[in-house]
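Descriptive structure summary
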Amino acid sequence: MMTCALSSFFDHNRGWNIRVLIGHISSSSFCFTVFVAEKLSGISAAKTLHEAGIHDILILEATDRIGGRIQKTEFSGYTIETGANWIEGGGNPKLINPIWEIANKIKLKTYYSDYSNLSSNIHKKKGGLHSEHTVTLAMDAAETNFGLISNFSESLSYKEHDDISVLASQRLFNHCPTSAVEMVIDYYYYDYEDSEPPRVTSLKNSEPRLTFEEFGDAQYFVADSRGYGNIVQYVAKEFLSSDEHGNITDNRLKLHKARHNISDLSQFWVEVQMEDGPVYHAKYVIVLASIGVLQTNLIEFKLHLPKWKKLAIYEFNMAIFTKIFLKFPYKFWPTGPGSSYFLYAHERRGYYPIWQHFEKVYPGSNILMVVVTDEEARRIEQQTDAETEAEVMEVLRFMFGRNIPNPSDIFVPRWWSNRFFKGSFSNWPIGFSGSNFDRLRAPVGRGRVHYGYVHGAYFSASPFFAPFLESSNILSTPTANARGLFQMPPFRLNNRYFLVRAGESEFESLGVINTNPVAKTSMDSGLSEEGKKQTARAALRLKAMGACDQSCWIWPSITQRAYQAAEIIASVNGVNRSHIVPEYSFLDARGLGAFEGKKLDSIAQVYEADYISSNIKPPPIDDGTPNESVADVFVRVTQLMSILETQYSGDTVIIVSPDSDNLTVLQAGLVGLDLRKHSDLSFSPGEVRFVDAKEIPTYKKPASGVYQCLKPPSCN
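Throughout this description, residue numbers start from 1 for each chain and increase along the sequence as written. Since the coordinates come from a predicted model, pLDDT governs what is reported: local features require at least 70, and pairs of side-chain atoms require 80 or more to be given and counted, while whole-chain, interface and lining totals use all residues. Hydrogen atoms and water are omitted, and side-chain values are computed over all heavy atoms in the structure.

With that out of the way, let us pick up the sheet that holds strand 19 (residues 367–373). Pairs of strands are assigned from DSSP output, requiring at least two bridges between the strands. Secondary structure follows DSSP: runs of H or I at least 4 residues long count as helices, runs of E at least 2 residues long count as strands, and numbering of each begins at the N terminus. Reading across the sheet, the 6 strands line up as 8-17-18-19-16-20 and stay open at both edges, with mixed pairing between neighbours. Each edge of the open sheet is held by one strand with a lone partner, namely strand 8 (122–123) and strand 20 (409–411). Throughout, a contact is declared for two residues whenever any of their heavy atoms are within 4.5 Å. Between N-to-C directions, angles cover 0 to 180 degrees, with each direction set by a line fitted to C-alpha atoms, over the stretch in contact for helices. The strands that helix 11 (residues 374–381) touches are strand 16 (321–327) and strand 19; relative to strand 19, the one it contacts most, it runs at about 115°. Across the sheet, helix 12 (residues 385–400) lies against strand 8, strand 16, strand 17 (341–344), strand 18 (354–357), strand 19 and strand 20, angled at about 100° from strand 17, the strand it touches most.

Below, the structure written as structure tokens:
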């Protein structure tokens, strides 16, 4: 399991805060882009730019290898993974985890993790096995509760404050593990996956786990002499040159480059100074580091990081998942089918609880592995290996008798103590809102869906760059169709899209403009009675169009009326609530600045300005309402499409917007029309349209139809 948390993108000229810390600069090792990256996400990001035709890049890696916490080592003659070890959700033929796809391409050796026989393999604290009957009752209760809290999580409102811890949800359904066997089963369900206990983990943002819903719940253990990191090598060698032995020789990759500080030199320059002396300058600097590293002073930012970004970084959790490996002269544990995993039930939660033998993956190796997490992992990192060995052997002798041999070797990884990582992977804490996460990832990627996994790191890079490159006028038309990027108008669409404007809001029923995001989740921003009727008709229209006949995903803005509309659409079309994916920023109603609170018909003045230029903003106001140009909206909706086209393939997606402008700008971009005339495509409240990127709707033949725009938003 793995994730990457990124600092913020900063462009001096535009003032955007997007996803990575990027300062606008030029080049003393002068190059276009410097990546300060140590993991799969950094390699994936660099590859994305390379595929876009930008080859003048430099990758600075702090350690002696690429891959971050995907790391192998040799242990008593065998290759073990000290970090990421499993491919989650492998083997689903309908929707394939890309990491699983690469693993199959390179014939990486993986083994299905079979946990089905745990009821027969839970050891008592002082020896002997708990009865299968006792364990089965406890596991059935845990499984029932797991289903209840997952369903309850889906019922929670999108509102930021509407969240509870996993532990609170367990108590809500009268499930309170107290005995040693109940606690170790609870640990298996939650701590083993999250690396932190249920009392600190957000329910709404951890259950149900979309990784397993999308890719399936099968997990495959990597045990290959080449190492899990061979997947990272595969991705890297798709754009970095290598020799005949497969070693990367590209001089754009620099190893042993620990960061020191990143600072502005001027309005157009940023400098990256390394610990060992070299100084690099580039037009853009992109920092990809673990949340644990960002919470330390390893990287010193001498340019401004806004307070909201710092808070988002410091409030998220970096968890610790430690695998302790032991080699014995001979095996003394059961090795038949269904015996690979066994548990140790102790009244102290997390005390050497989950064990695995390697006879299935490395026959005759006589290796055991035990997993510890959170405070136990932190405690163990601070003691000597001899002290850890003594504790482990006491546990093993309780389980298998006093006469078992001492290990001939022990290996204890120390991710928390390593200054380049400061933990294993991130975990979503209770109280950390969706908006905060958007500020942390700020704002593109699949991170929110697959945070904590290797494939989340793989996915995290490519969607970000499309709007960034387009807005920076970096991409030329021939490179716009590079894989991993989304360019308007699109070469093709991977999915079917329906665009829906939510029904009339309470404010609109009063004839008042309301676009201030501060009020977007208030009931006053909800559907009026007429708006509910309009939305019901929209839902029936979607049903008649067969939008969800083969399943669909509904992506509404979290604005009250849009989310209410999504719930109505889901109910009418028989869509499970888990397929409603609230969007926290890209689908906000267009901010109209000083027009806030004015009569609805005054929006005509905004559209008159739009006709002149897509870059004209409404007059500003100081109440927190943004003043967005058409180009600003275009960037948002392009970022949304980048996510959707990366996240789904062959699916149906229903986009629900609180206003018309998001949808008209999106449709104009998809069709290739002049964005200045987007309002000619206006959506009425409750209107539904199927997206056909090939033509303008016959019932909406705008004047802009004669103004083709093949490189939006520059349509002048």
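A few words on the nonpolar core. Put simply, buried Ala, Val, Leu, Ile, Met, Phe, Trp, Tyr and Cys residues joined by side-chain atoms within 4.5 Å make one nonpolar core. Categorising residues by exposure relies on relative accessible area from a 1.4 Å probe, with only protein chains included: less than 20% of the type maximum marks a residue as buried, more than 50% marks it as exposed, and the intermediate range marks it as partly exposed. Core analysis: the largest hydrophobic core is formed by 37 residues, its most contacted members being Trp86, Ile122, Ile185, Tyr188, Tyr192, Phe221 and Phe358. Secondary-structure elements contributing two or more residues to this core are helix 3 (132–155), helix 5 (180–189), strand 16, strand 17 and strand 19. Dropping the residues within four chain positions of it, Ile185 is found in contact with Ile122, Val135, Ala138, Met139 and Ala142. Counting residues in hydrophobic clusters, the runner-up holds 31 residues, among them Leu499, Phe586, Tyr648 and Val671.

Moving on: the state of the cysteines. When the sulfur atoms of two cysteines come within 2.5 Å, that pair is taken as a disulfide. With the rule as written, the count across this model stands at 1 disulfide. Linked covalently through their sulfurs, Cys548 and Cys552 form a disulfide whose S-S length is 2.1 Å. Taking the torsion about the S-S bond as the criterion, the Cys548 to Cys552 disulfide, at about 80°, is right-handed. Residue classification places Cys552 among the buried residues on the basis of a relative accessible area of 2%.

Here we have 4 strands laid out as an open sheet, ordered 23-24-22-25, and mixed in their pairing. Among the strands making up the open sheet, the edge pair consists of strand 23 (553–556) and strand 25 (688–690). Direction aside, neighbouring strands of the sheet carry axes that sit 20° apart on average. Relative to strand 24 (residues 652–657), strand 22 (residues 496–501) runs parallel, the two being bridged by 6 bridges.

A few words on the confidence of the model for the protein. Chain-level statistics for the protein give a pLDDT mean of 83 and a share of 82% at 70 or above. Every residue carries a pLDDT, the predictor's confidence in it, which falls somewhere between 0 and 100. pLDDT under 50 marks residues 1–29. Its contacts with residues more than four places away, or in other chains, come to 146 contacts. Taken together, the stretch residues 443–451 has pLDDT below 50 and engages in 48 contacts with residues farther than four places along the chain or on a different chain.

Time to look at the packing of aromatic side chains. Two aromatic rings, drawn from Phe, Tyr or Trp (for Trp, its six-membered ring), form a pair once their centres lie within 6.5 Å of each other, and the interplanar angle then sorts them: stacked below 30 degrees, edge-to-face above 60, tilted otherwise. Tallied over the entire structure, the rule returns 36 aromatic pairs. Arranged with centres 6.5 Å apart and planes meeting at 45°, the rings of Phe325 and Phe411 form a pair that is tilted. A residue pair is termed long-range when its members are at least 10 positions apart, and Phe325 in strand 16 and Phe411 in strand 20 qualify at 86 residues. Looking at Phe411, the relative accessible area reads 27%, which means it is partly exposed. Consider the ring centre and the ring normal. A charge sits over the ring if Lys NZ or Arg CZ is within 6 Å of that centre and within 35 degrees of that normal. The ring of Trp416 is capped by Arg378, whose NZ or CZ atom sits 5.0 Å from the centre of that ring. Sitting above the plane of the Phe683 ring, Arg689 keeps its charged end 3.6 Å from the centroid.

Put simply, helix 18 (residues 529–544) and helix 19 (residues 560–573) touch, their axes get as near as 9 Å, and they point 40° apart. Put simply, helix 18 runs oblique to helix 19. For the crossing formed where helix 18 meets helix 19, the hand is right-handed. Where helix 18 approaches helix 19, its residues Lys532, Thr535, Ala536, Ala539, Leu540, Leu542 and Lys543 are matched on the opposing element by Ala565, Ile568, Ile569, Val572 and Asn573. Just so you know the grouping, Ala, Val, Leu, Ile, Met, Phe, Trp, Tyr, Cys and Pro go in nonpolar, Asp, Glu, Lys and Arg go in charged, and all remaining residues, Gly too, go in polar. Residue composition of the contact of helix 18 with helix 19, by class: 8 nonpolar, 2 polar and 2 charged. When describing relative orientation, an angle under 35 degrees is termed roughly parallel and one over 145 degrees roughly antiparallel, while 65 to 115 degrees is termed roughly perpendicular and anything else oblique. Put simply, a crossing is left-handed when the front helix is turned counterclockwise from the back one by less than a right angle, and right-handed when it is turned clockwise.

We count a salt bridge whenever a side-chain nitrogen from Lys or Arg sits within 4 Å of a carboxyl oxygen from Asp or Glu. By the definition in use, this model includes 26 salt bridges. Salt-bridge contacts for Arg419 lead to Glu275; the nearest nitrogen and oxygen are separated by 2.8 Å. Linking Arg419 in the loop between strand 20 and strand 21 (425–427) with Glu275 in the loop between strand 12 (269–274) and strand 13 (279–289), this pair joins segments that are 144 residues apart in sequence. Classification of Arg419 by relative accessible area gives partly exposed; the value is 39%. Here Glu376 ties to Arg348 by a salt bridge, and the two come within 3.0 Å at their closest N and O atoms. Linking Glu376 in helix 11 with Arg348 in the loop between strand 17 and strand 18, this pair joins segments that are 28 residues apart in sequence. Each member of the salt-bridge network shares a partner with another, and the members are Arg348, Glu376, Arg379 and Glu391.

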